[in-house]
Amino acid sequence: MKKVAIMTSGGDAPGMNACVRAAVRGAVYHGIDIYGIYRGYDGMIEGDIVKLKSHSVSNIIQKGGTILKSARSEEFKTKEGRKKAFEHLQKLGIEGLITIGGDGTFTGAKIFYEEYGIPTVGAPGTIDNDLYGTDYTIGFDTAVNTALGAIDKIRDTADSHNRLFFIEVMGRDSGYIAIRSGIGGGAELVMVPETSTSIKEVISTLQEGWARHKTSSIVVVAEGDEEGNAMEIAAKVKKAISQKDIKVSILGHIQRGGSPSAQDRILASRLGLGALEGLMKGEKNVMAGIINDKLVYTSFEDSITKNKPLNQELIHMVKVLSV
């Protein structure tokens, strides 16, 4: 394999640049030409592809976002769009692909491989940590620490005013950010899509805490909880305990940005180099991941479709530590 291309796609995640850097430096080390595809699958369709050198990725390991930009491509979902993308890769003689992203990115890569047979290895870049085949995804650790910093600050004002705060973090289908930032931030309750927590249970838990002379409370809510988002849950609770001063904070996209943590930089570097060297060894249609501190490869099919359950010990910890 003499020519490969790399791209980032879907939602950005801190550490994507470190992953790109590792793949590019690995390619240079092994004497392989590597091309950067800008704006994900849209850039592939439009031929927005440039050759990268070692200096192309200098001074980016500490930067959030992605120098290759990202996008969600509707055109790539069509056969016509994928044909255009393949033609651009063919013109440049691209023999392998590295795709950094989440389940949408890998779904596109899987279909593209099945239609055109270009070997592809993915690196899991998503703050949600919801991909099967890796203990942690690129950006997750940084997102948790960003959320935790916000929770700590909100705790100060909640304590000063004896308030109840509902803090919403990202996680449409996954409670990983919520559970870890909630435990780290000493939340009284964490609400996640993976477990069912009724409004009645929320009220009961809070009232038990106030009976033990707690003066302020924090409830961390993953945006995809079955009871609704933080605004909806707070409104339901307010009906039952109208005397309480209730506030809502939605952390939103601040969780995506910022300089990646040391853990994310190292994880991303291992996965970027692992994806590149996986291609060299003949891996294809797979995602590179780290399980029990070892590099592994999992089929796109499994990484997308298999469930990655929350650690039940962490769910138990929330209940125990909130007393």
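Worth saying up front: this structure is predicted, and the values here are computed from it rather than measured.

Chemist: Quick rundown of the pairing of strand 2 (residues 33–37)? Include the residues and the values.
Modeler: Two faces make up the sheet, and in a regular strand the side chains alternate between them. Among the five residues in strand 2, four count as buried, and that is most of the element. In terms of strand pairing, strand 1 (residues 3–8) meets strand 2 through five bridges, oriented parallel. Bridge pairing links Ala5 to Tyr35 in strand 2. Since strand 1 and strand 2 lie parallel, the crossover through helix 1 (residues 16–30) that links them has a hand, and here it is right-handed. When strand 2 meets strand 3 (residues 49–52), the two strands line up antiparallel, connected through four bridges.

Chemist: Lay out the sheet that holds strand 5 (residues 120–124) in plain terms, naming residues and giving numbers.
Modeler: Where strands meet in a sheet, backbone hydrogen bonds hold them as pairs that are either parallel or antiparallel. One open sheet holds the seven strands; their spatial order is 3-2-1-4-5-10-11, and the pairing between them is mixed. The outermost strands of the open sheet, each flanked by one partner alone, are strand 3 and strand 11 (294–299). Sheet twist, expressed as the average angle between the axes of neighbouring strands with direction ignored, equals 30 degrees. Docked against the sheet, helix 3 (residues 79–92) engages strand 1, strand 2, strand 3 and strand 4 (96–101), running at close to 35 degrees with respect to strand 3. In the packing of helix 9 (residues 262–280) onto the sheet, contacts are made with strand 1, strand 4, strand 5, strand 10 (286–291) and strand 11, and the angle to strand 11 comes to roughly 60 degrees.

Chemist: For the pattern of salt bridges, give the residues involved together with the corresponding values.
Modeler: If you walk through the whole model with that rule in mind, you get 15 salt bridges. Residues Lys110 and Glu114 are paired through a salt bridge, measuring 2.8 Å at the closest nitrogen-oxygen approach. Here the residue Lys110 and the residue Glu114 both occupy positions in helix 4 (residues 103–116), the gap between them amounting to four residues, near one helical turn. In the salt-bridge network here, residues are joined through shared partners; they are Arg39, Glu46 and Asp48.

Chemist: I'd like a description of unusual backbone geometry, backed by residues and values.
Modeler: Here the phi dihedral of Arg39 falls at roughly 65 degrees; this positive angle occurs in a residue that is not glycine. Within the secondary structure, Arg39 sits in the loop between strand 2 and helix 2 (40–46).

Chemist: Can you lay out helix 5 (residues 140–161) for me, pointing to particular residues and giving the numbers?
Modeler: Taking 1.5 Å of rise per residue, the 22 residues of helix 5 would be expected to cover 32 Å, and the 32 Å separating its terminal C-alpha atoms lies within 8% of that figure. Within helix 5, the full set of buried residues consists of Phe140, Asp141, Thr142, Ala143, Val144, Ala147, Ala150, Ile151, Ile154, Arg155 and Ala158. On its buried face, helix 5 is in contact with strand 6 (164–169), helix 6 (176–184), strand 8 (217–222), strand 9 (246–250) and helix 9. Trailing helix 5 by a residue or two, Asn162 shows a phi angle of about 55 degrees, which is positive.

Chemist: Any details on the side chain of Gln255? Residues and values, ideally.
Modeler: Relative to the helices and strands, Gln255 resides in the loop between strand 9 and helix 9. Separated by 3.0 Å, the side chain of Gln255 and the backbone nitrogen of Met170 make a polar contact. Among the polar contacts listed, one links the side chain of Gln255 to the backbone oxygen of Gly252, at a separation of 2.7 Å. Apart from residues no more than four positions distant in its own chain, Gln255 is found in contact with Ile127, Ala143, Thr146, Ala147, Val169, Met170 and Ile177.

Thresholds, definitions, all that
- Residues numbered from 1 in each chain as written.
- Predicted model: local features only at pLDDT ≥ 70, side-chain atom pairs only at ≥ 80, totals over all residues.
- Heavy atoms only, no water.
- Buried < 20%, exposed > 50% of the residue type's maximum accessible area, 1.4 Å probe, protein only.
- Helix = DSSP H or I, 4+ residues; strand = E, 2+ residues; numbered from the N terminus.
- Pairing = 2+ DSSP bridges.
- Right-handed = clockwise from strand over helix to strand, strands pointing away.
- Axes fitted to C-alpha atoms, helices over the stretch in contact; angles between N-to-C directions.
- Contact = heavy atoms within 4.5 Å.
- Salt bridge = Lys/Arg side-chain N within 4 Å of Asp/Glu carboxyl O.
- Expected span 1.5 Å × (residues − 1).
- Polar contact = N/O pair within 3.5 Å; in protein donor to acceptor, adjacent residues only side chain to side chain.

The values reported here are purely geometric and, on their own, carry no functional implication.
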